[in-house]
2 protein chains.
Amino acid sequence: MSDPSFAPRPTLEAVAARAGVSRATASRVVNGSEGVRAPLVERVRQAVDELGYVPNQAARTLVTRRNDAIAVVVAEPETRFFTDPFFAQQVRGISKELTARDNQLVLLLTEGTADYERVGRYLAGGHVDGALIFSLHTDDSLPTLARRAGVPTVIGGRPGWTDSDSDHGTLYVDCDNRGGARDAVRHLLSIGRRTIAHIAGPLDQTASVDRLDGFRDVLPETDPALIAEGDFTPEGGASAMAELLRRRPDLDAVFAASDVMASGALRVLRTSGRRVPEDVAVVGFDDMVSVAEWTDPPLTTIRQDIEEMGRLMARLLLRAVAPSAGPQSVPALSSIVTPTQLVVRASA
Amino acid sequence: MSDPSFAPRPTLEAVAARAGVSRATASRVVNGSEGVRAPLVERVRQAVDELGYVPNQAARTLVTRRNDAIAVVVAEPETRFFTDPFFAQQVRGISKELTARDNQLVLLLTEGTADYERVGRYLAGGHVDGALIFSLHTDDSLPTLARRAGVPTVIGGRPGWTDSDSDHGTLYVDCDNRGGARDAVRHLLSIGRRTIAHIAGPLDQTASVDRLDGFRDVLPETDPALIAEGDFTPEGGASAMAELLRRRPDLDAVFAASDVMASGALRVLRTSGRRVPEDVAVVGFDDMVSVAEWTDPPLTTIRQDIEEMGRLMARLLLRAVAPSAGPQSVPALSSIVTPTQLVVRASA
DNA sequence: GTCACGCGTGAGAGCGCTCTCCGGGTCGGC
DNA sequence: GCCGACCCGGAGAGCGCTCTCACGCGTGAC
């Protein structure tokens, strides 16, 4: 393969020579630091353009110890996770934010805990300045692993450990699952429903627990028979719905902990001859466009701004990574909980 | 934040000192090269373990000019793209393959062509050894850009340019869209359908064109009124279906160029009072689990092994990147077209 | 016993960049 | 008009690693 780009990439040295300045000055211009007189700046700029100079990141990292790269670690105990548009949207937000700050996104996918060791080594290896972690389960060791690697970390979703542990310095970004769930249930009450069931997500995930807690906040005395656990899949939602109908055929509303599960529930309701929303009102959670708007009928749901959450995660991490600007005045970064919003469509 | 990991990471020098050998020998052991006597190997290994030594990738890259990192570039003119599980699955395959070969995955998302310049700079900057490109549209400039940057590239999906250009050395991996489409239509014929319509994807994408070509291979004389263009969304499939029913209410089968569009078509068929498959048989394309299996009725479709395609892309690229092992005997890498498979469910 | 050969190891030169010093120039103050 | 302060720009020392090259020792052949 006769490589047309055989011309070795120009170095700072070459730029400096062409501009008639020293390497140091060229470096100053390239990095935009103050204290170089305008005419020189101009000459260096021109040399950079003419030569098509691009700084060698490896050399730079070697001396600055900064990578301008962030790892996004995805725990994927279940295959489903990465296929989930939820995650995709969040990554999009992260990517936008990182790009805006000239950081790269290194994606680390794990396939079961066997990969954790590899990820740990990678993080400890100082290849990245920080890590954004997505781990679904409360008992996941990934966050611990990152902390041990000494890498600043932000977690997507509230981690499972109790608040007293939070001064580990591990931050997270999550939406207000509990408040959203309360809104969903209150909406059902407001349209006159009285026998409200809940299809929960897997209860080893904090999001599921929080949504269930929100449900119970409003309906503390609910018959346990009105609560069934799904697994965030359509089929899980379907079988949970079937189970609920068996236990309480008189129910007149369902709050599902995700749109995807709600879509499964809708199918079962239709099959069982119930009309939605006339006989049974349904509220979902997530407002996943590809799901909520295209169910039949379109789903009333709780919206969370997933992309924004991603952006916030990145922003928070970059701030944690940044060399503490103020002299000792670390403004004590804290975790973020974003608001949710009720979106009323036809199903409730 | 009193950083507990204040201990500076050990260097090769430290390992060498502890093992009582030279830096060179330590390096040889770490990189697994031959010609170091067993006892020394053992001593170095132990020193590595005790010190928790992890090689500094930046320093290594600086001298070897290899990054052990691959960029995955996603052109995202439409928001839909990244949300598409199709892409997610492919990335999973890529990730697995890269991980297996100790390469990192750097994700580059572009938001409109404005970002192309940035991506070009990045690729030209030698931060990665190669690039995997996903660009939907035939006229997309991303592949050209990568070629100009002098970075080995593999494209996901057949690129739009004609075959005579292909000796640019730009490789691609695609599934046999045309053959799959032929299978779909032949299946419809085999179950006795005679008036077969096609919902095509956007015809500025090669996948759509190829599937349409496959359709025409089997039914060269089809009434143009039996072909409508969708946009790979459920709503696009729905309106195409509505249009087809208006033009040819007598149709008895539809081959949709994607499962997602087929799902939209199913809804319209139901609304219009047609039974599936009794009145109208429907075949999709992709076999996207979350869609095809959960439509009502479940969709007969053409399966493509998306994850495998991702894996193949990565493998092909790594081979292209590898220092040509054989003496001049470059085995002329070539693009790959993977087979498809008919999956019969209830809809046809 | 001597010489040639070869394998295994060490010394050292960078890879391209940043950043700390310093030196030299310029300007203001008295 | 001279001295000191200030500021801009250059020289040079590494960052941690790989890899070439040269050297030393052990082995086998004559």
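For clarity, every value in this text was computed on a predicted model and none was experimentally measured. (Residues numbered from 1 in each chain as written. Chains lettered and ligands numbered in written order. Predicted model: local features only at pLDDT ≥ 70, side-chain atom pairs only at ≥ 80, totals over all residues. Heavy atoms only, no water.)

Considerations on the sheet that holds strand E4 (residues 153–156) of chain A
Read across the open sheet, the twelve strands follow the order E11(A)-E5(A)-E4(A)-E3(A)-E1(A)-E2(A)-E2(B)-E1(B)-E3(B)-E4(B)-E5(B)-E11(B); overall the sheet is mixed. Edge strands, defined here as strands with exactly one partner in the open sheet, are strand E11 (336–338) of chain A together with strand E11 (336–338) of chain B. Pairs of neighbouring strands in the sheet enclose a mean axial angle of 20 degrees, with direction left out of account. Of the pairings in the sheet, the one linking strand E5 (residues 171–175) of chain A to E11 of chain A comprises three bridges and is parallel in character. Paired with Cys175 of chain A across the two strands is Thr338 of chain A, which belongs to E11 of chain A. (Pairing = 2+ DSSP bridges. Helix = DSSP H or I, 4+ residues; strand = E, 2+ residues; numbered from the N terminus. Axes fitted to C-alpha atoms, helices over the stretch in contact; angles between N-to-C directions.)

Description of the interface of chain A and chain B
Contacts between the two partners involve 43 residues from chain A, matched on the other side by 43 residues from chain B. With both chains or domains summed, chain A and chain B bury close to 4,000 Å², and 62% of this area falls on carbon and sulfur atoms. Summed over the shared surface of chain A and chain B, the number is one salt bridge. Between Lys96 of chain A and Glu111 of chain B there is a salt bridge; the shortest N-O distance is 4.0 Å. Linking chain A to chain B there are two residue pairs in polar contact (both at pLDDT 80 or more). In the side of chain A that touches chain B, the residues fall into 19 nonpolar, 13 polar and eleven charged. Sheet topology places strand E2 (residues 104–110) of chain A next to strand E2 (residues 104–110) of chain B; three bridges connect them, and they run antiparallel. Note on E2 of chain B: the bridge partner recorded for Leu107 of chain A is Leu105 of chain B. (Contact = heavy atoms within 4.5 Å. Buried area = accessible area lost by both parts, 1.4 Å probe. Salt bridge = Lys/Arg side-chain N within 4 Å of Asp/Glu carboxyl O. Polar contact = N/O pair within 3.5 Å; in protein donor to acceptor, adjacent residues only side chain to side chain. Nonpolar A, V, L, I, M, F, W, Y, C, P; charged D, E, K, R; others polar.)

Focus on the sheet that holds strand E7 (residues 227–229) of chain B
Residues and elements named next belong to chain B. Taken in spatial order, the four strands make up an open sheet running E7-E6-E8-E9, and their pairing is parallel. Among the strands making up the open sheet, the edge pair consists of E7 and strand E9 (281–283). For this sheet the average axis-to-axis angle between neighbouring strands, irrespective of direction, equals 15 degrees. Where strand E6 (residues 196–200) lies against E7, three bridges are found, and the strand directions are parallel. Its bridge partner being in E7, Ile199 is matched across the sheet by Ala228.

Describing the protein's contact with DNA strand D
As a structural note, the neighbourhood of DNA strand D is formed by 27 residues, with Thr25 and Arg65 of chain A together with Leu12, Ser27 and Tyr53 of chain B the closest of them. Sugar plus phosphate, as a fraction of atoms of DNA strand D within 4 Å of the protein: 66%. A distance of 2.4 Å separates a phosphate oxygen of DNA strand D from a polar atom in the backbone of Leu12 of chain B. Here Arg23 of chain B contributes a side-chain N or O atom positioned 3.1 Å from a base oxygen of DNA strand D. Those elements giving two or more residues to the surface near DNA strand D turn out to be helix H2 (23–30) and helix H4 (57–64) of chain A together with helix H2 (23–30) and helix H4 (57–64) of chain B. For the surface near DNA strand D, the element with the most residues is H4 of chain B, which contributes five residues. Residues that form the surface near DNA strand D fall into these classes: 13 nonpolar, eight polar and six charged. (Near = heavy atom within 4 Å.)

Structural notes on the relation of the copies chain A and chain B
The two copies are related by a screw motion: chain A maps onto chain B through a turn of 180 degrees and a shift of 0.0 Å along the axis, at an RMSD of 0.1 Å. The transformation just described matches what one would write down for a two-fold rotation axis. (Least-squares fit on C-alpha atoms with pLDDT ≥ 70 in both.)

Remarks on the environment of Val36 of chain B
All names here are of chain B. Here Val36 lies in the loop between H2 and helix H3 (38–51). C-alpha separation for the pair Val36 and Ala26, spaced ten residues apart in sequence, amounts to 9.5 Å. Non-local contacts of Val36, meaning those with residues more than four positions away in its chain, are made with Thr25, Arg28, Val29 and Val41.

Digging into the environment of Ser334 of chain A
Within the secondary structure, Ser334 of chain A sits in the loop between helix H14 (306–321) and E11. Apart from residues no more than four positions distant in its own chain, Ser334 of chain A is found in contact with Leu171 and Leu316 of chain A.

Regarding the pairing of strand E8 (residues 253–256) of chain B
Residues and elements named next belong to chain B. Burial along E8 is two-sided: Ala253 and Phe255 and Val254 and Ala256, pointing in opposite directions, are all buried. Where E6 and E8 come together, four bridges link them in parallel fashion. Residue pairing for E8: Ala197 is matched across the bridge by Val254. The β-α-β motif built from E8, the intervening helix H12 (residues 259–271) and the parallel element E9 has right-handed crossover chirality. (Buried < 20%, exposed > 50% of the residue type's maximum accessible area, 1.4 Å probe, protein only. Right-handed = clockwise from strand over helix to strand, strands pointing away.)

What about the protein's contact with DNA strand C?
Around DNA strand C, 27 residues are found, and the nearest of them are Leu12, Tyr53 and Arg60 of chain A together with Thr25 and Arg65 of chain B. Take the atoms of DNA strand C that sit within 4 Å of the protein: sugar and phosphate atoms are 67% of them. One nitrogen or oxygen atom from the side chain of Arg23 of chain B is found 3.0 Å from a base nitrogen belonging to DNA strand C. One of the backbone N or O atoms of Gly35 of chain B is found 3.4 Å from a phosphate oxygen in DNA strand C. Every element with two or more residues in the surface near DNA strand C is listed here: H2 and H4 of chain A together with H2 and H4 of chain B. Sorting elements by how many residues they give to the surface near DNA strand C places H4 of chain A first, with five residues. Grouping the constituent residues of the surface near DNA strand C by class yields 13 nonpolar, eight polar and six charged.

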